[in-house]
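So the chains spell out like this:
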Amino acid sequence: METAMAVRQANDFSGLFETLDHFGPLPMWFQIADRLERAIADGEIPINSKLESEAAFAGRLRVSRQTVRRAQQELVSRGLLVRRRGIGTEVTARSAVRSSALTGLYDELIAAGRAPTTTVLAIEQVMADGWLSARTGITVGASLVRVERVRYADGVPIAVLVNWLPPALRPPTVQELESRGLYSLLRDQGVVLRSAEQAISGRGATGDEAQLLHAKPGDAVMTMTRLVRGAAGDFIEYGVHCSLLGVRTFEMTLVAP
């Protein structure tokens, strides 16, 4: 009886999505995820509730299944939903899945008891090309601030960091970047770092990277790309980081489907 009631409540969308703006600036997936998150937090959709299928959900809201899938995946990454094979998508306790914290390398080094220092290579205005547009969704030709740094730990170079910021944000100064992490500086401006899409891979170091990292061209490096979004789902920062292999460790908790 309780399970049936939970399913009914999870599928009762009355009032939750009446104000979705199909033509506004906020992505539809972000609006849907935001309303689902609030409904779960307020108990309107209780723990252990089973959501209806993506197709039914998409049809009810007049959006694509891809939009629903991305909205739900956002909440899966935050530990609010879990997908179970043969069962569907369920509301779960927040502690069931722990996503990696949205922190920068500077803060990671401090937490590890290391002494971070930074050499700033560039702070410059650039125009977005097709490569950046495809990864951030910004318009080709839009103005951006490009920041390039080398991060050291205890005097040893460990990472080359390249970041792009929208022009609406105040560009950091060399002095600020030499003494603090980028995310800390952004938060001081009142910027909310809401979520990030991150990918990690490995390859050989380029000649320039090898020189900066005191390595040899072709030596194994780990690369991380990260797109950070703000409270309204807007683009806040896109970064490409190249680290010597073994410098950074990413920990996360996984649950079985």
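First things first, this report covers the structure right here in the doc. (Residues numbered from 1 in each chain as written. Predicted model: local features only at pLDDT ≥ 70, side-chain atom pairs only at ≥ 80, totals over all residues. Heavy atoms only, no water.)

1. Focus on the side chain of S195
Stage number 1. With respect to the helices, strands and loops of the structure, S195 is situated in strand β6 (residues 195-204).
Stage number 2. Judged by relative accessible area, S195 falls into the buried class, the value being 12%. (Helix = DSSP H or I, 4+ residues; strand = E, 2+ residues; numbered from the N terminus. Buried < 20%, exposed > 50% of the residue type's maximum accessible area, 1.4 Å probe, protein only.)

2. Brief notes about helix α2 (residues 28-41)
Stage number 1. Between the first and last C-alpha of α2 there are 20 Å, a value that for 14 residues agrees with the 20 Å anticipated at 1.5 Å per step.
Stage number 2. Most of α2 is tucked away: twelve of the 14 residues are buried.
Stage number 3. Those residues of α2 lying buried are M28, W29, F30, Q31, I32, A33, D34, R35, L36, E37, A39 and I40.
Stage number 4. Looking one or two residues past α2, G43 carries a phi angle of roughly 85 degrees, positive in sign. (Expected span 1.5 Å × (residues − 1).)

3. Remarks on the pattern of salt bridges
Stage number 1. Counted by the stated rule, this structure contains 14 salt bridges.
Stage number 2. Among the ionic pairs, R194 bridges to E37, the shortest N-O distance being 2.7 Å. Of this pair, R194 sits in the loop between α8 (182-188) and β6 while E37 is found in helix α2, placing the two residues 157 residues apart along the sequence.
Stage number 3. The closest approach of N and O atoms between E197 and R70, which form a salt bridge, is 2.4 Å. Separated by 127 residues along the polypeptide, E197 in strand β6 and R70 in helix α4 (residues 65-77) bring together distant segments of the chain.
Stage number 4. Here E197 falls in the partly exposed class, since its relative accessible area comes to 37%.
Stage number 5. Overlapping salt bridges, with partners in common, bring together D34, E37, R38 and R194 in one network. (Salt bridge = Lys/Arg side-chain N within 4 Å of Asp/Glu carboxyl O.)

4. Points about the pairing of strand β5 (residues 156-165)
Stage number 1. The buried fraction of β5 is high, at nine of ten residues.
Stage number 2. Alignment of strand β4 (residues 143-153) against β5, held across nine bridges, turns out to be antiparallel. If you follow A153 over to β5, its bridge partner there is V156.
Stage number 3. Connecting β4 to the next strand, β5, in antiparallel fashion are two residues, including D154 with a positive phi near 55 degrees.
Stage number 4. Judged from the six bridges that link them, β5 and strand β8 (residues 235-244) form a sheet pairing that is antiparallel. Within the sheet, the bridge partner assigned to N163 lies in β8 and is G239. (Pairing = 2+ DSSP bridges.)

5. Some points on the sheet that holds β4
The strands that make up a sheet pair up through hydrogen bonds in the backbone, lying either parallel or antiparallel.
Stage number 1. The sheet built from six strands is open, its strands ordered β3-β4-β5-β8-β7-β6 with antiparallel pairing. A single partner strand is all that each edge strand has here, and the edge strands are β3 (116-127) and β6. Recorded for the sheet is a direction-independent mean angle of 15 degrees between the axes of neighbouring strands. (Axes fitted to C-alpha atoms, helices over the stretch in contact; angles between N-to-C directions.)

6. Re the nonpolar core
Stage number 1. Among the nonpolar cores identified, the biggest contains 24 residues, and F17, I32 and I45 are the most heavily contacted of them.
Stage number 2. Put simply, the parts of the chain that give this core at least two residues each are α2, α3 (54-61) and α4.
Stage number 3. With eight residues, α2 is the single largest residue contributor to this core.
Stage number 4. Ranked by size, the runner-up nonpolar core spans 15 residues in total, among them L165, L182, L185 and L193. (Core = buried A, V, L, I, M, F, W, Y, C linked by side-chain atoms within 4.5 Å.)

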